[in-house]
Amino acid sequence: MTEKTMSASMTVAQKERAAKKAEKLRQKRVAADEKAERKRSAKAGFANVNNPRRSLTLTILSAIFAVYCLFPFAYLLINSTKTQADFSSTFGLGPGHSFAFFDNVAKVFTYNDGIFTRWLLNTLLYVVVGAGGATLLAIMGGYALAKFRFPGRKAVFAIIIGSISVPGIALAVPQFLLFAKLGLTNTPWAMLIPSLISPFGLYLMWIFSEQSVPTELLEAARVDGASEWHTFWKISLPLLSPGIVTTALFTIVATWNNYFLPMIMIKDSDWYPLTIGLNQWKSQAATAGGIPIQNLVITGSLITIIPLVIAFLYLQRYWQSGLAAGAVKE
């Protein structure tokens with residue numbers, strides 16, 4: 001090996017050692033920077049969303065709130081497994097002497113000629129037609145108010161805001177008097193027609209349409225010759241899906257849990273929703289010669305909330321994104 005070759009080999013080896021040394025120094029600097037950033041983030045707390053500050057007080061408060069929310073559900077689960085005798089003789093949060101959950105479910109659907117099934121179907125009718133129609137009207141109305149300019153638009157906005165501020169219970173008596181004059185009380189229409197109106201849903205879809213549907217996209221579709229109806233169904237509606245799910249959840253829950261309106265509108269038990277029907281079962285023991293069936297009331301209540309729990313869990317990601325729409329300024 002010549003002197004020139006040996007010198008070249010040493011130069012390459014020195015370059016490799018220098019490169020390895022430089023890489024080690026770079027890794028040390030990166031590690032030091034990351035450590036410093038973690039310290040700054042820990043001090044900043046909530047200023048850094050990737051490294052929020054841990055708080056024992058907030059953890060305890062969150063745990064208390066979780067227990068408060070889950071306690072009724074746990075009560076239903078435990079007591080739906082008891083017989084009527086165990087329900088009245090054992091501790092509310094303790095197990096009964098026998099496991100009667102499946103017997104209770106069977107009795108719920110067969111008691112009083114299976115009236116619970118009729119109440120369940122009535123509730124589904126009110127939700128599908130009432131809440132579904134309210135969601136559709138809110139979508140179309142909110143989109144029109146957000147993307148079209150017409151005389152009286154500000155007046156419509158004021159009416160919607162005013163409607164949201166009026167509690168529904170304040171309108172129940174005027175609605176009853178109106179429907180009584182029309183001869184619609186004690187019929188499904190007394191539940192369906194008021195359920196079609198959702199001022200909050202309309203306002204929500206208005207704001208969501210304003211934020212989520214770019215006006216430039218609509219103008220491009222119109223230039224290409226698309227009709228307004230085609231633009232709405234093919235372009236705008238997919239963009240509105242998170243807001244649609246959020247509005248649908250609000251209207252479904254409001255219709256499913258509606259108690260006061262059917263209580264004053266409907267007297268025929270064949271048209272009761274689940275809320276009124278279960279309350280009738282609960283009050284049965286207070287009547288002369290009535291038989292207490294609290295075990296069926298508890299089991300029926302558990303069956304009643306299961307569809308809502310499934311809907312929230314399945315649509316949770318759409319619901320959260322719908323609530324957060326417009327929170328970030330672009």
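Conventions used here
- Think of each chain on its own: its residues are numbered from 1, step by step along the sequence as written.
- In keeping with the predicted nature of the model, local features appear solely for residues at pLDDT of at least 70, side-chain atom pairs appear and are counted solely at 80 or more, and the whole-chain, interface and lining totals rest on all residues.
- As a rule here, side-chain values come from all non-hydrogen atoms in the structure, and water together with hydrogens is ignored.
- UniProt positions are given in the numbering used here, feature names are shortened, and annotations may be inferred rather than shown by experiment.
- What counts as a helix is a DSSP run of H or I of at least four residues, what counts as a strand is a run of E of at least two, and both are numbered from the N terminus.
- For this analysis, a nonpolar core means a set of buried residues of the types Ala, Val, Leu, Ile, Met, Phe, Trp, Tyr and Cys, connected via side-chain atoms within 4.5 Å.
- Note on classification: 1.4 Å probe, protein chains only; a residue is buried when its accessible area is under 20% of the maximum for its type, exposed when over 50%, partly exposed between these limits.
- In this analysis, two residues are considered to be in contact whenever any of their non-hydrogen atoms come within 4.5 Å of each other.
- Between Lys or Arg on one side and Asp or Glu on the other, a salt bridge is scored when a side-chain nitrogen of the former is within 4 Å of a carboxyl oxygen of the latter.
- Expected helix span is taken as 1.5 Å per residue step, with the number of steps being one fewer than the number of residues.
- To get an axis, a line is fitted to the C-alpha atoms, and for a helix only the part in contact is used. The angle between two axes follows their N-to-C directions and goes from 0 to 180 degrees.
- Here the word oblique covers every angle except those under 35 degrees (roughly parallel), over 145 (roughly antiparallel) and from 65 to 115 (roughly perpendicular).
- Note on convention: near helix rotated counterclockwise from far helix by under a right angle means a left-handed crossing. Clockwise means right-handed.
- Think of it as three bins: nonpolar holds Ala, Val, Leu, Ile, Met, Phe, Trp, Tyr, Cys and Pro, charged holds Asp, Glu, Lys and Arg, and polar takes everything else, Gly as well.
- For Phe, Tyr and Trp, where Trp contributes only its six-membered ring, two rings pair if their centres lie within 6.5 Å, and the inter-plane angle classes them as stacked under 30 degrees, edge-to-face over 60, or tilted in between.

All right, on to the UniProt feature "transmembrane region" (unreviewed entry) in the protein then. Within the UniProt annotation, "transmembrane region" (unreviewed entry) is assigned to residues 56-78, 124-146, 155-177, 189-208, 237-256 and 296-315. The span residues 56-78 shows a helical share of 100% and a strand share of 0%, and its end C-alpha atoms are spaced 31 Å apart. Across residues 124-146, helical content stands at 100% and strand content at 0%; the span's end C-alpha atoms are separated by 31 Å.

Moving on to the nonpolar core. Formed by 27 residues in total, the largest nonpolar core has its most connected members in Val-108, Phe-116, Trp-119, Met-265, Ile-266 and Trp-281. Mapped by element, the contributors of at least two residues to this core are helix H4 (101-147), helix H6 (168-182), helix H7 (189-195), helix H12 (260-265), helix H13 (274-283) and helix H14 (294-314). The dominant element in this core, judged by the number of residues it contributes, is H4, at 7 residues. Sequence-distant contacts of Val-108, that is, excluding residues within four places in its chain, are made with Phe-116, Trp-281, Leu-296, Thr-299, Gly-300 and Ile-303. Counting residues in each nonpolar core, the second largest holds 11 residues, with Tyr-143, Phe-208, Leu-237 and Ile-244 among its members.

This model, assessed by the stated rule, comprises 2 salt bridges. Note that Arg-26 and Glu-23 form a salt bridge whose closest N and O atoms lie 2.9 Å from each other. Taken together, the residues Arg-26 and Glu-23, both in helix H1 (residues 3-44) and 3 residues apart, mark about one turn of the helix. By relative accessible area, which is 33% here, Glu-23 ends up partly exposed. Residues Arg-222 and Glu-228 are paired through a salt bridge, measuring 2.8 Å at the closest nitrogen-oxygen approach. We classify Arg-222 as partly exposed; its relative accessible area is 30%.

Right, let's get into helix H11 (residues 241-256). Between its first and last C-alpha atoms H11 spans 22 Å; for 16 residues at 1.5 Å apiece the expected length is 22 Å, and the two agree. For H11, the set of buried residues is Pro-242, Gly-243, Ile-244, Val-245, Thr-246, Thr-247, Ala-248, Leu-249, Thr-251, Thr-255 and Trp-256.

What follows is about the packing of H13 against H14. Where H13 meets H14, the axes come as close as 9 Å, and the angle between the chain directions of the two elements is 165°. The angle between the axes of H13 and H14 places the two elements in the roughly antiparallel class. The interaxial crossing formed by H13 with H14 has left-handed handedness. On H14, the residues that touch Leu-274, Leu-278, Trp-281 and Lys-282 of H13 are Leu-296, Val-297, Gly-300, Ser-301 and Thr-304. Classifying every residue of the contact of H13 with H14 by side-chain character gives 5 nonpolar, 3 polar and 1 charged.

Let's shift gears to unusual backbone geometry. You will see that Asn-112, though not glycine, has its phi angle at about 55°, which is positive. Relative to the elements of secondary structure, Asn-112 occurs in helix H4. One non-glycine residue, Asp-113, adopts positive backbone phi at about 60°. Positionally, Asp-113 belongs in helix H4. Here Asp-113 falls in the exposed class, since its relative accessible area comes to 80%.

Moving on, we come to the environment of Met-263. Along the chain, Met-263 falls in helix H12. The partly exposed category is assigned to Met-263, whose relative accessible area is 32%. On a C-alpha basis, the gap between Met-263 and Ile-276 in space is 6.6 Å, while along the polypeptide they are 13 residues apart.

Under the counting rule described, the total for this entry stands at 15 aromatic pairs. Plain terms: the ring middles of Phe-200 and Phe-250 are 5.3 Å apart, the flat faces sit at 80° to each other, and that makes the pair edge-to-face. Of the two residues, Phe-200 is situated in helix H8 (residues 199-212) and Phe-250 in helix H11; the sequence distance between them amounts to 50 residues. We classify Phe-250 as partly exposed; its relative accessible area is 36%.

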